[in-house]
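Chain and residue survey
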Amino acid sequence: MSPANTRNDLCIGIDLGTTNSVLATVNVRPNGQVKSKVVDISRAYDVFNSALGEAALSTEKKTTLPSFVFYRQEKNYEPLVGDFAKRQYSLRPHLVAKSIKSQMGKPLAEGLSPDIPDKTPAQISSRILQHLLREASKIYHCPITDAVITVPANFDSVMCKATQDAAELAGISVRNPDGTEKPILLSEPNAIIYDLINQIQNGEISDIILDLSSMKRVLVFDLGGGTLDITLHEIKRRNESPDILKVDEIAANRYTLLGGDNFDEALAIEMFKRYKQQYSKNPGVSAQLDQKENIIMPQLRTYAEYVKVGISQQCSDDYNSGWYDEDEEPSIDTGGSMGGIGYSYSDNFKKSDIEAIFAPFMANNLKFDDYKNLESVKDTKNIIYPILDVLKKAADKLGTPDVKIDAVIVSGGMSKFYMINERLKTFFGFDPITALDPDLAVARGAAVYHYFLKQHSEIQDNMKIIGQELSSVPAEKAEKPEINQEILSPRINIELGEVILNDALYMGMKNGAVHMIIPTGAALPYESQIMTGFRIDPLQSRVAIPIKSRNIDGTYRTIANGNIEFTTKFSDGAYVAFIIHMNKSKVISMKAWTSNDLEGQQIIEEGTAEIAINSPEQSTAKVKMLPPKGTRLNALSEIKTFVQLCLNLSKVRSGRLYSISKQRELTVRIRDTADNIMNADNHSDFIRPILAALSDSNTNDEARMRLFTMIRRLSNELTDNNRRKLAEICIQQLGAEILGISMQHKGQRINANIQAIYALSICGTPEIMNRLETLHKKNQYIGSCLYSHAKTRTQLKWVISTFLNDMALEMRHVGNHLQLSAHAIAVSLRNDGSCPVSQEKREEILNALINGINSGRIRSDILVVCVLAVGTMCDRRFNPSVFSESKTSEAENCINLIPKIYPLDLSCRVERNSQVALKLIRGESLDEDEEKFLLTKLELDADIDI
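Residues numbered from 1 in each chain as written. Predicted model: local features only at pLDDT ≥ 70, side-chain atom pairs only at ≥ 80, totals over all residues. Heavy atoms only, no water.

1. Some thoughts on unusual backbone geometry
Going from Leu-524 to Pro-525, the amide bond is cis rather than trans, its omega being 0°. Its place among the elements puts Pro-525 in the loop between strand E22 (523-524) and strand E23 (526-527). In this model, Arg-793 sits at a positive phi of 50°, which is unusual for a non-glycine residue. Along the chain, Arg-793 falls in the loop between helix H21 (782-792) and helix H22 (796-811). Accessibility expressed as a relative area gives 22% for Arg-793, which makes it partly exposed. (Helix = DSSP H or I, 4+ residues; strand = E, 2+ residues; numbered from the N terminus. Buried < 20%, exposed > 50% of the residue type's maximum accessible area, 1.4 Å probe, protein only.)

2. As for the side chain of Asn-913
Checked against the element boundaries, Asn-913 lands in helix H29 (residues 911-922). Among the residues examined, Asn-913 registers a relative accessible area of 4% and is labelled buried. Ignoring anything within four residues of it in the chain, the contact list for Asn-913 reads Val-864, Val-867, Leu-868, Phe-933 and Lys-937. (Contact = heavy atoms within 4.5 Å.)

3. Description of the environment of Thr-59
Positionally, Thr-59 belongs in strand E5 (residues 55-62). The sequence separation of Thr-59 and Tyr-45 amounts to 14 residues, and the corresponding C-alpha distance is 5.7 Å. Those residues in contact with Thr-59 that lie beyond four places of it in its chain are Ser-42, Arg-43, Ala-44 and Tyr-45.

4. Side note on the nonpolar core
Where a protein is soluble and globular, its nonpolar side chains tend to be buried together. By size, the foremost hydrophobic cluster in this structure holds 139 residues, and its most contacted members are Phe-578, Met-625, Met-710, Leu-726, Leu-760 and Ile-853. The greatest single-element share of this core, amounting to 10 residues, is contributed by helix H25 (residues 860-873). Those residues in contact with Leu-726, other than ones at most four positions away along the chain, are Leu-691, Leu-694, Phe-708, Ile-711, Leu-718, Ala-759, Ile-762 and Cys-763. Counting 63 residues, the second-largest nonpolar core is a separate cluster that includes Leu-232, Leu-267, Tyr-303 and Tyr-371. (Core = buried A, V, L, I, M, F, W, Y, C linked by side-chain atoms within 4.5 Å.)

5. Looking at H29
In a regular helix each residue adds 1.5 Å, so 12 residues correspond to 16 Å; H29 covers 17 Å between its end C-alpha atoms and thus fits that length. Taken as a whole, H29 has its buried residues at Asn-913, Ser-914, Val-916, Ala-917, Leu-918, Leu-920 and Ile-921. Directly beyond the C-terminal end of H29, a positive phi value near 75° is found at Gly-923. (Expected span 1.5 Å × (residues − 1).)

6. Observations regarding the pattern of salt bridges
Tallying each qualifying case throughout the model produces 60 salt bridges. Of the charged contacts, one joins Asp-146 and Lys-182 as a salt bridge, the two residues approaching to 3.8 Å between their closest N and O atoms. Placement of Asp-146 in the loop between helix H2 (121-140) and strand E10 (148-151) and of Lys-182 in the loop between helix H3 (157-169) and strand E11 (185-187) is noted, with a sequence separation of 36 residues between them. Here Asp-146 falls in the partly exposed class, since its relative accessible area comes to 23%. Note that Arg-274 is salt-bridged to Glu-270, the shortest N-O span being 3.3 Å. Of this pair, Arg-274 and Glu-270 are both found in helix H5 (residues 260-278), 4 residues apart, which corresponds to roughly one turn of the helix. A network of salt bridges, in which partner residues are shared, links Arg-43, Glu-60, Lys-62 and Asp-83. (Salt bridge = Lys/Arg side-chain N within 4 Å of Asp/Glu carboxyl O.)

7. A few points about the packing of helix H19 (residues 748-759) against H21
Remark: H19 packs on H21, axes separated minimally by 8 Å, with the N-to-C direction vectors making an angle of 10°. By the criterion of interaxial angle, the relationship of H19 to H21 is roughly parallel. Between H19 and H21, the contacting residues are Ile-754, Ile-757 and Tyr-758 on the first element and Gly-783, Ser-784, Cys-785, Tyr-787 and Ser-788 on the second. Looking at the contact of H19 with H21 residue by residue, the class counts come to 5 nonpolar, 3 polar and no charged. (Axes fitted to C-alpha atoms, helices over the stretch in contact; angles between N-to-C directions. Parallel < 35°, antiparallel > 145°, perpendicular 65-115°, else oblique. Nonpolar A, V, L, I, M, F, W, Y, C, P; charged D, E, K, R; others polar.)

8. Here's the deal with the sheet that holds strand E8 (residues 78-81)
Across the sheet, which stays open at both edges, the 3 strands sit in the order E8-E7-E9 with antiparallel pairing between neighbours. The outermost strands of the open sheet, each flanked by one partner alone, are E8 and strand E9 (96-97). Across the sheet, H2 lies against strand E7 (69-72), E8 and E9, angled at about 100° from E7, the strand it touches most. (Pairing = 2+ DSSP bridges.)

9. Quick look at the environment of Asn-879
Here Asn-879 shows up in the loop between H25 and helix H26 (885-896). On the accessibility criterion, Asn-879 (22% relative accessible area) is partly exposed. In this structure, the C-alpha to C-alpha distance between Asn-879 and Gly-923, residues 44 residues apart in sequence, is 8.9 Å. Contact partners of Asn-879, with chain neighbours within four places excluded, come to Asn-831, Asp-832 and Gly-833. A polar contact of 3.3 Å, which involves the side chain of Asn-879, links it to the backbone oxygen of Asn-831. Engagement of the side chain of Asn-879 in a polar contact is seen with the backbone oxygen of Asp-832, the distance being 3.5 Å. (Polar contact = N/O pair within 3.5 Å; in protein donor to acceptor, adjacent residues only side chain to side chain.)

10. Some details on the confidence of the model for the chain
Chain-level pLDDT for the chain is 86 on average; 90% of the residues reach the 70-or-more range. Below a pLDDT of 50 lies the segment residues 459-473, which in the model reaches 13 contacts outside its immediate sequence neighbourhood of four places, other chains included. With pLDDT under 50 throughout, residues 475-492 is counted as low confidence; its partners more than four residues away or in other chains account for 21 contacts. (pLDDT = per-residue confidence, 0-100.)

11. Remarks on H3
A rise of 1.5 Å per residue sets the reference length of H3, with its 13 residues, at 18 Å; its end C-alpha atoms lie 18 Å apart and thus fit the reference within 8%. Every buried residue of H3 is listed here: Ser-157, Val-158, Met-159, Cys-160, Ala-162, Thr-163, Gln-164, Ala-166 and Ala-167. Looking at where H3 begins, the residue whose side-chain oxygen comes 3.1 Å from the main-chain nitrogen of Val-158 is Asp-156. Gly-171 lies just past H3 and shows a positive phi near 100°.

12. Here we look at the pairing of strand E27 (residues 574-582)
Within a regular beta strand, the side chains point alternately toward one face of the sheet and then the other, so they alternate between its two faces. Where E23 and E27 come together, 2 bridges link them in antiparallel fashion. When the bridges of E27 are listed, Glu-527 appears paired with His-581. In terms of strand pairing, strand E24 (residues 531-536) meets E27 through 4 bridges, oriented antiparallel. Residue pairing across strands places Arg-535 opposite Tyr-575, the latter belonging to E27. Between the antiparallel neighbours E27 and strand E28 (residues 588-595) lie 5 residues, among them Lys-586 with a positive phi of about 65°.

Printed below as a string of structure tokens:
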């Protein structure tokens, strides 16, 4: 057919289903009503020998086309779609693609012979679409390249992209002439709503079923062959145009792989058990059946579907075979010869048997209000949990604890099963709407949607033409045109409302961290704000962008991959900022750039990211971005990576091929990883992995040194058990030194020991702290011991004697530890009402401080600490002074005289310390900045760069 024969007025809607697919069109009646109808599609249902002795196909027309593709091996794997393909599944499953919709978004189709040329779910789905379009084009005598295809509302971005790819392979135009994307995808629940509204507007269905005179919240329950789609919609009339109904999505469930296939599988598994039981007296046969399970199960799945449908028909209200005894429990016989096995199967299933097998899917224990405590619901593989998920999301979005549902529409082939409707009626307390044909409603609604899309497009085109005509006329001469309202305002009674994203999407970060990029319920199309704070590792220019979705159990699965390519490799890494965009078809695009600043303002280079189906080919970049501050991290993975980086750094330092650049790179990566941990949103999750790493004998001193510092910074997250465990680890680290064994340790072992002593400041009991006494004489450990004893107020006799000795040495200009010991005095002898030191000893110490300061001999760094020590000992803000008024005045005068005793530069240096100390002595309140200053000064800078 030539392009000239193409019709532009055709409105095509396609339900590309898991079990069956349907194609529908619309006709516009003279009265303006839009009538949607399903097209009977021809397909092969059997094969016969022709007069020439060749195999030929018998065909027939039906509304529903089985979504099965049989690749005919004898015909060079030529694809055949429909009923005959479905019948071949039980005989040659390796040549038949079944339930391919459930695999959309995966890189390769599963279970098929490797010789079949179609490899991806998109390629296989395109065969189904091609068949539908080919047969429909024969009816309308023109090629069909324009259509709307439905997808579950809970399809993620990559599933939608795969469906779009299938459409393009089938010959459907997915882009406008200007290159923009056509909105060819429609969520199945929206299609169902459009079909229902259209039929009510046309009078085909009574508005008694659903009164749309006022706003209604309608839940769509679409249970198909492989997926369960549940959405909540708000349908209301426009205030200014009451004849127009607007349909907005409120909430949608997360992607749920539950449908008729799962029911069939559960029944087939029971059949297999019974099949083996029939031959249980013959162990040899039973063993053969086990060996041939992969051949048996496809046949049993066919029997299972037959039993399921048969029982449901018997339980329907209009079932009347003429032989049915109402007092007899419905049952159905099944079985027959088993191809390729040699042992027949014969069975009977009663209604009670079926209900027992399917009971787990019904979740009879769950009630409507359980959405209010959804996190406590653990039973998720059923038809009720996704409803609760939608109700919870709706409550959050609407800002109300109580969600009211006005109506429930059921759709999808599996929704015709009697147990489904009974369970929904019990759950909601009213009958769901079943007036629509659940097998055909989705395609009909898609065709209606396609009609409205075309009408909207025509309005836009006409407005553009009018605008162009006006632009060619001088403004002063332009007159208001007379617009043909029949052209610009066709009878549109449904407004295409808001479409939302069912579940949040995340970007995978380094070490398993994730960062939300699009929130749950975001209206589409969506464009994010500029996302900043991300970083790339040193010397990297290609960064992986995995897109993730959150599973029900809290884990994450990668649904797509992308890469950002930059030309510059930064020696210290660089900041990255980006913007995420998602269109109405849920296809993601991303713009990213490197910058010199955290906010992404100083742009260095722009990069592009292509997001595609998750596959090894797409995931070429292995290095992921570092997350911004406040990200929830994978604690175990972060700590493992941190320890490994420290090990690598030690190897580089001690190796023969010493590399300054490699050492620098590893040091930067260690710093960045530590920063990520300290800026994470889930500090409590890190305690256990840190303790485990410190307990591991394989953790080297480089890592231990840093981990002791890290856990001390996270001390607020420690439980009593954590503190006891940490104290044991610290003493184990110091074991040899405490015992006085001379190990001649150097470098990082000494540093690790020092940090272990510092860590005891947050976990050491008096008994444990007393064990450090042997370390008091080792010069390298004096500072850390003074600090930890001061924080725990242990061994204060030694702390005080050290200070007094250091002060005496300072007066003689002899080297000492006065800066450390004076700090220990400031911390341990604070006037907070709990210091165990006697007043006499306190006065001795205060006198030493006052005399030392007044002597003018204290060096600058030490003077800063001594001034604060005087202030904390005399602090009268919360407790009465332990000193006399005369002694307190003496201390105040000492501080005031510093500018007269010491050089100008030194007195200026200690000015702020002096101001804070004087306020403490006078009992005056500190402002917020002064409080922070004091706390910072009292926390000795014992940390290293982690």
